Amino acid sequence: MKRALITGVTGQDGSYLSELLLSKGYEVHGIVRRASTFNRDRIDHLALDPALHDRFVLHYGDMADGSSLRRVMETVAPDEVYNLAAQSHVRVSFDQPEYTADIVATGTLRLLEAVREHIQRGGRQVRFYQAGSSEMFGAANPPQSEATLFHPRSPYAVSKLAAHWHAVNHREAYGMFVANGLLFNHESPRRGESFVTRKITLAVGRIAAGKQQQLALGNLDARRDWGFAGDYVDAMWRMLQADQPDDYVVATGESHSVREFVELAFDHVKLDWRKHVTFDERYTRPSEVDHLLGDPTKVRTKLGWAPKVSFPQLVQMMVEADLEIARRG
Ligand code: NAP
Ligand code: F7E
């Protein structure tokens, strides 16, 4: 039975990846941080399932605390490590740049070092997945591929870029099996509520249920390559099953504007978005990323990965889930 360690297990991707690995027979260990309120909604169905008691195990730790990362590495001795933990909000990274750099960049270095020391002590091979981001391409012209020069536009993106190069350096300097995923935006009904897609679908559900009237948004012209998170965690797993470690763009190859997402979401409940959406400058960014559009040729040809959920299916899935929440709440 393979053993995996996931940082960021309570996040959107951590929850889908846990489900995928458990379905493949893995023993899954996750790192959680202490909070004053419970923050495990996305994984409660796994953590509280008696049948998974021995196969889904949580450990306290924090990307800011190298000693906790080293301790968990020694306790778990995993075959695969998936580093998904991050302060992942681009807008927030402008307000908390140092913290973002500490968790996203230095935190990754702490974990890579914990893995390196673990391998040195025990001689076991550990495969490492680093959650890179299309934000690292930032201002680079679309379409973006593995050959595109990075041009990050936020403290988050700069920090992810540093983490990316730490990962590459550990691969080259120490011969570690480290794969970088360059993942474009991926969404789901489990998406954090302050990211634009979920913010829109939550509002659409509440407006349709008569519980809200207005939705305040920032830049509607930004274009993103949006896929379904459940599809993307499969690409992460495939990267660690390859013969050689490498870096891969994971994307749908299709981009849409925030305005198109809004239109489609409101259309789904037969409402005119223009009557409900207002502009609020607080949701704009000091430097925006205008157009991200990934070229997934490499991940398709080398790893056989392709997205299964289309853009309209994704919007529909998210609106329906949030309609249900609004009706219940
Ligand atoms: P998410 O929902 O924001 O989850 C982030 C996870 O990181 C949460 O489990 C969070 O724990 C944990 N975390 C934050 N700070 C931490 C710390 N100091 N120590 C330990 N854990 C910490 O993010 P996601 O959408 O699942 O994304 C997963 C990863 O992929 C992230 O690294 C993100 O930057 C990257 N990424 C995401 C996308 C996307 O479109 N979703 C695209 C490219 C790359 P709490 O629950 O305690 O907050
Ligand atoms: O913004 C615009 C905003 O916050 C998308 C993270 O997972 O994906 C995510 O980063 C676009 C931007 O995602 C609002 O200006 C308009 O152009 O949903 P978002 P993001 O910044 O693309 C990448 C790949 C990651 O790696 C990140 O971790 O939407 N926008 N109005 C808005 N955005 C937000 N959040 N809120 C608004 O009201």
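These numbers come from a predicted model, not from an experiment.

**Things to note about the site of ligand 1**
Logical step 1: Within the structure, ligand 1 sits among 26 residues, and Thr10, Asp13, Ser88, Tyr156 and Lys160 are positioned closest to it.
Logical step 2: Side-chain polar atom of Asp62 to a nitrogen atom of ligand 1: 2.9 Å apart, as the coordinates give it.
Logical step 3: At 2.7 Å, a side-chain N or O of Ser88 approaches an oxygen atom of ligand 1.
Logical step 4: Across the complex, the protein chains shield 90% of the 900 Å² of accessible surface that ligand 1 would expose by itself.
Logical step 5: Contributions of two or more residues to the shell around ligand 1 are made by helix 1 (12-23), helix 5 (97-122), strand 5 (127-133) and helix 6 (155-174).
Logical step 6: Top contributing element to the shell around ligand 1 by residue count: strand 5, with three residues.
Logical step 7: The residue inventory of the shell around ligand 1, partitioned by class, reads 11 nonpolar, 10 polar and five charged.

**Quick notes on the site of ligand 2**
Logical step 1: Neighbouring residues of ligand 2: 22 residues in total, closest Ser88, Ser133, Tyr156, Arg285 and Glu288.
Logical step 2: The separation between an oxygen atom of ligand 2 and a polar side-chain atom of Lys199 is 2.7 Å.
Logical step 3: In isolation ligand 2 exposes 710 Å². Once the protein is present, 95% of that is buried.
Logical step 4: Of the residues belonging to the shell around ligand 2, the class tally is eight nonpolar, eight polar and six charged.
Logical step 5: A domain-level breakdown of the shell around ligand 2 finds at least three residues from each of domain 1 (3-187 + 226-250) and domain 2 (196-223 + 255-291 + 310-328).

**Some words on the nonpolar core**
Logical step 1: Residues Leu17, Leu21, Tyr82, Tyr129, Ile200 and Met239 are the most contacted members of the largest nonpolar core, which totals 61 residues.
Logical step 2: Of all the elements, helix 8 (residues 229-241) adds the most residues to this core, at eight residues.
Logical step 3: Here this core spans two domains, since at least three of its residues come from each of domain 1 (3-187 + 226-250) and domain 2 (196-223 + 255-291 + 310-328).
Logical step 4: Other than its neighbours up to four places away in sequence, Tyr82 contacts Ala4, Leu5, Ile6, Thr7, Leu17, Leu21, Tyr129, Met236, Trp237, Leu240 and Gln241.
Logical step 5: Counting residues in hydrophobic clusters, the runner-up holds 20 residues, among them Leu111, Ala114, Phe128 and Ala167.

**Notes on the packing of helix 9 (residues 258-268) against helix 11 (residues 311-328)**
Logical step 1: Relative orientation of the contacting elements helix 9 and helix 11 amounts to 55 degrees, with a least axis distance of 10 Å. Of the possible angle classes, the one that applies to helix 9 and helix 11 is oblique. Where helix 9 crosses over helix 11, the two elements pack in a sense that is right-handed. Across the interface between the two elements, Phe261, Leu264, Ala265 and His268 from helix 9 touch Phe311, Pro312, Val315, Gln316, Met318, Val319 and Glu320 from helix 11.
Logical step 2: Looking at the contact of helix 9 with helix 11, its residues break down into eight nonpolar, two polar and one charged.

**Some points on the packing of aromatic side chains**
Logical step 1: Per the counting criterion, the structure on display carries eight aromatic pairs.
Logical step 2: Considering the side-chain rings of Trp226 and Phe261, the 5.4 Å spacing of their centres and the 65 degrees angle between planes classify their relative orientation as edge-to-face. Note that Trp226 is positioned in the loop between strand 9 (223-224) and strand 10 (227-228) and Phe261 in helix 9, a separation of 35 residues in sequence.
Logical step 3: Residue classification places Phe261 among the buried positions, given a relative accessible area of 0%.
Logical step 4: The interplanar angle of 70 degrees and the centroid separation of 5.9 Å between the aromatic rings of Phe261 and Phe311 together place this pair among those described as edge-to-face. In this pair, Phe261 sits in helix 9 while Phe311 sits in helix 11, placing the two residues 50 residues apart along the sequence. For the pair shown, Phe261 and Phe311 are each scored as buried.
Logical step 5: One cation-aromatic arrangement involves Arg116 over Tyr174; the distance from NZ or CZ to the ring centre is 4.1 Å.
Logical step 6: Against the face of Tyr248 rests Lys298, its NZ or CZ located 5.0 Å from the ring centre.

How each quantity is defined
- Residues numbered from 1 in each chain as written.
- Chains lettered and ligands numbered in written order.
- Predicted model: local features only at pLDDT ≥ 70, side-chain atom pairs only at ≥ 80, totals over all residues.
- Heavy atoms only, no water.
- Near = heavy atom within 4 Å.
- Polar contact = N/O pair within 3.5 Å; in protein donor to acceptor, adjacent residues only side chain to side chain.
- Areas by Shrake-Rupley, 256 points an atom, 1.4 Å probe, with all protein chains shown as cover.
- Helix = DSSP H or I, 4+ residues; strand = E, 2+ residues; numbered from the N terminus.
- Nonpolar A, V, L, I, M, F, W, Y, C, P; charged D, E, K, R; others polar.
- Domains from an automatic or database assignment.
- Core = buried A, V, L, I, M, F, W, Y, C linked by side-chain atoms within 4.5 Å.
- Buried < 20%, exposed > 50% of the residue type's maximum accessible area, 1.4 Å probe, protein only.
- Contact = heavy atoms within 4.5 Å.
- Axes fitted to C-alpha atoms, helices over the stretch in contact; angles between N-to-C directions.
- Parallel < 35°, antiparallel > 145°, perpendicular 65-115°, else oblique.
- Left-handed = near helix turned anticlockwise from the far one by under 90°.
- Phe/Tyr/Trp six-rings, centres within 6.5 Å; stacked < 30°, edge-to-face > 60°.
- Lys NZ or Arg CZ within 6 Å of the ring centre and 35° of its normal.

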